[in-house]
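Spelled out, the chains give:
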Amino acid sequence: MTTQTIEQSLKHATTLGSLEVAESYLSGDGRLFHGIDSVECGGESIQYINTGDTYGSTVCQDDYGNMWVGSWGDWYEFTESQQNERNHTVTCGNCGKRTDLNRDKWSDVICESCERNVSTGELPPA
Ligand SMILES: [Zn+2]
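So, here is what we can say about the structure in this document. (Residues numbered from 1 in each chain as written. Predicted model: local features only at pLDDT ≥ 70, side-chain atom pairs only at ≥ 80, totals over all residues.)

## Considerations on the overall build of the chain
In terms of regular secondary structure, the chain is built from three helices and six strands. Ordering the α and β elements of the chain from the N terminus gives α-α-β-β-β-β-α-β-β. Radius of gyration (C-alpha) of the chain: 19 Å, far over the 14 Å computed for a compact globule of 126 residues. In terms of principal-axis extent, the alpha carbons of the chain reach across some 60 × 30 × 20 Å. Partitioning the contacts of the chain with sequence separation of at least 6, the portion at a separation of at least 24 is 25%. (Helix = DSSP H or I, 4+ residues; strand = E, 2+ residues; numbered from the N terminus. Rg over C-alpha atoms; globule rule 2.2 N^0.38 Å. Contact = placed C-beta atoms within 7 Å.)

Written out as structure tokens, the structure is:
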């Protein structure tokens, strides 16, 4: 199946009203899916048809019923960066927890959870 056909199928599937119906429709093309999953980011969540590929195009649905073609990985990164901007936090590259943006430069921030530099993962000089 061509990429264009897959994109068209995915686009049509977003008009079907529910992820279950969309999955059933898309399975008609012979594609295999891994069920419907959900992902949560800082209190916001979506559901998606699991293709087994974090950044692969699939059908996603938010808590308000809006459906779109996208990947859950892209949604997660976008949502996390928006929340960090709103809350003046950064996500620690070492432990993955969020910490206050307590320095001028992101690369100078020391994580409040693991106490390492969020950029390098190194312990600050004593
Ligand atoms: Zn950390």
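## Topic: the environment of arginine 103
Among the secondary structure elements, arginine 103 is positioned in the segment after β6 (98-100). The residues contacting arginine 103, other than those within four sequence positions of it, are Asp108 and Val109.

## Topic: helix α2 (residues 19-27)
All of the buried residues along α2 are Leu19, Ala22, Glu23 and Leu26. One side of α2 holds all its buried residues, which, seen down the axis, span an arc of 100°. Facing away from the buried side of α2 by more than 90 degrees, the exposed set consists of Glu20 and Val21. Against α1 (3-13), β1 (36-41), β2 (44-49) and β3 (58-62) lie the buried residues of α2. (Buried ≥ 20, exposed ≤ 12 C-beta atoms within 10 Å, placed from the backbone. Arc of directions from axis to C-beta.)

## Points about unusual backbone geometry
Even without being a glycine, histidine 88 presents a positive backbone phi close to 55°. Structurally, histidine 88 can be placed in the loop between α3 (72-87) and β5 (89-91). Overall, histidine 88 belongs to the exposed group, with 9 C-beta atoms counted inside 10 Å. Although it is not a glycine, glutamate 115 sits at a positive phi angle of roughly 60°. Here glutamate 115 shows up in the segment after β6.

## A short note on the pairing of strand β4 (residues 67-70)
Sheet topology note: the β3/β4 ladder contains four bridges and is antiparallel. Across the sheet, the residue bridging to cysteine 60 is tryptophan 68, located in β4. Between β3 and β4, which pair antiparallel one after the other, the connecting turn spans four residues, and glycine 65 there sits at a positive phi close to 95°. (Pairing = 2+ DSSP bridges.)

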